[in-house]
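Close look at the chain arrangement
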Amino acid sequence: MLSVENTSLNFRPLNFKLSGFYEVIMNIKDVLVPVDFSPASLNAVDFAHSIINPDGEMCLLHVIDSDFIRQLSEEGLLDAETTIEKMRVTAEEKLAEIAKKFDGGQPQIDTMVVIGLPFAEILRVANDLFFEMIVLSIRGKHHGSIEGLLFGSTAEKVLRAARVPVICLPMG
């Protein structure tokens with residue numbers, strides 16, 4: 001058995017005629033799943049649920065983008081505090097609805113809403129709460145933006161800076 005930090009991996013030979021192929025059995029107990037409520041992020045939730053141990057924990061994380069709120073507030077389009085509170089309540093309701101879909105107690109599903117830069121908050125939560133793995137979609141709600149083209153996507157930033165294994169799922 002090989003142990004990578006707190007994630008234990010078991011290898012056993014597959015039933016192939018060729019030697020050297022192995023099936024990897026992962027013992028994953030704690031997974032962080034960033035959710036922006038796009039169809040791709042909801043697929044990431046389903047995938048994470050399928051790979052986690054029944055006695056594990058999955059945390060659904062939604063990040064309210066502080067830069068987006070700041071820009072709209074500076075333009076006078078909204079009151080930042082009121083908007084953040086409305087977005088937080090809406091996100092908490094949506095996350096509770098997603099968690100309810102898996103209502104069975106196994107694995108345990110927690111939800112969290114934070115405010116900040118999405119990639120930075122994903123990394124902070126993963127590190128601070130000692131998650132074994134991050135599962136996220138490659139493209140979220142705002143894919144194809146100019147910022148994404150110039151500076152990279154949230155998934156790319158998380159993948160480059162994470163200290164734990166990251167599974168990035170394609171759209172679809």
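Residues numbered from 1 in each chain as written. Predicted model: local features only at pLDDT ≥ 70, side-chain atom pairs only at ≥ 80, totals over all residues. Heavy atoms only, no water.

Let us look at helix H4 (residues 118-128). Looking at H4, one finds that the buried residues are Glu-121, Ile-122, Leu-123, Val-125 and Ala-126. Trailing H4 by a residue or two, Phe-130 shows a phi angle of about 55°, which is positive. (Buried < 20%, exposed > 50% of the residue type's maximum accessible area, 1.4 Å probe, protein only. Helix = DSSP H or I, 4+ residues; strand = E, 2+ residues; numbered from the N terminus.)

Here we come to the pattern of salt bridges. Between side chains of opposite charge, pairing is possible as soon as their charged atoms come close. Taken as a whole, this structure holds seven salt bridges when the rule is applied. In this structure, Asp-46 engages Lys-101 in a salt bridge whose closest nitrogen and oxygen atoms are separated by 2.8 Å. Linking Asp-46 in helix H1 (residues 39-51) with Lys-101 in helix H3 (residues 80-101), this pair joins segments that are 55 residues apart in sequence. Take Lys-101: its relative accessible area is 54%, and that puts it in the exposed class. Ionic contacts of the salt-bridge type, sharing partners, join the residues Asp-67, Arg-70 and Glu-74 into one network. (Salt bridge = Lys/Arg side-chain N within 4 Å of Asp/Glu carboxyl O.)

Another point: H1. In this model, H1 (13 residues) spans 19 Å end to end at C-alpha, consistent with the 18 Å of a helix rising 1.5 Å per residue. Among all positions in H1, only Ala-40, Ser-41, Ala-44, Val-45, Ala-48 and Ile-51 are buried. Across the axial projection of H1, the buried residues extend over an arc of 155°, all falling on one side. When the buried face of H1 is taken as reference, the exposed residues oriented beyond 90 degrees from it are Pro-39 and Ser-50. (Expected span 1.5 Å × (residues − 1). Arc of directions from axis to C-beta.)

A few words on the side chain of His-62. For His-62, the location among the structural elements is in strand S4 (residues 52-65). His-62 gets classed as buried once you look at its relative accessible area, which sits at 11%. Engagement of the side chain of His-62 in a polar contact is seen with the backbone oxygen of Val-35, the distance being 2.8 Å. In this structure, His-62 is in contact with Val-35, Asp-36, Phe-37, Ala-91, Leu-95, Met-112, Val-113 and Val-114, ignoring residues within four places of it in sequence. (Polar contact = N/O pair within 3.5 Å; in protein donor to acceptor, adjacent residues only side chain to side chain. Contact = heavy atoms within 4.5 Å.)

Bringing the packing of aromatic side chains into the picture now. Here the structure, examined in full by the defined rule, presents zero aromatic pairs. Cation over ring: Lys-94 sits above Phe-37, and NZ or CZ is 5.1 Å from the ring centre. (Phe/Tyr/Trp six-rings, centres within 6.5 Å; stacked < 30°, edge-to-face > 60°. Lys NZ or Arg CZ within 6 Å of the ring centre and 35° of its normal.)

Of note in this structure, Phe-37 is not a glycine but carries a positive phi near 75°. Assignment of secondary structure puts Phe-37 in the loop between strand S3 (22-34) and H1. In this structure, Phe-130 is a non-glycine residue whose phi angle is positive, near 55°. Assignment of secondary structure puts Phe-130 in the loop between H4 and strand S6 (133-137).

This part takes up the environment of Gly-56. Within the secondary structure, Gly-56 sits in strand S4. Considered as a pair, Gly-56 and Ile-109 are 53 residues apart in the sequence and their alpha carbons are 8.8 Å apart. Among residues more than four places away in sequence, those in contact with Gly-56 are Lys-29, Pro-107 and Gln-108.

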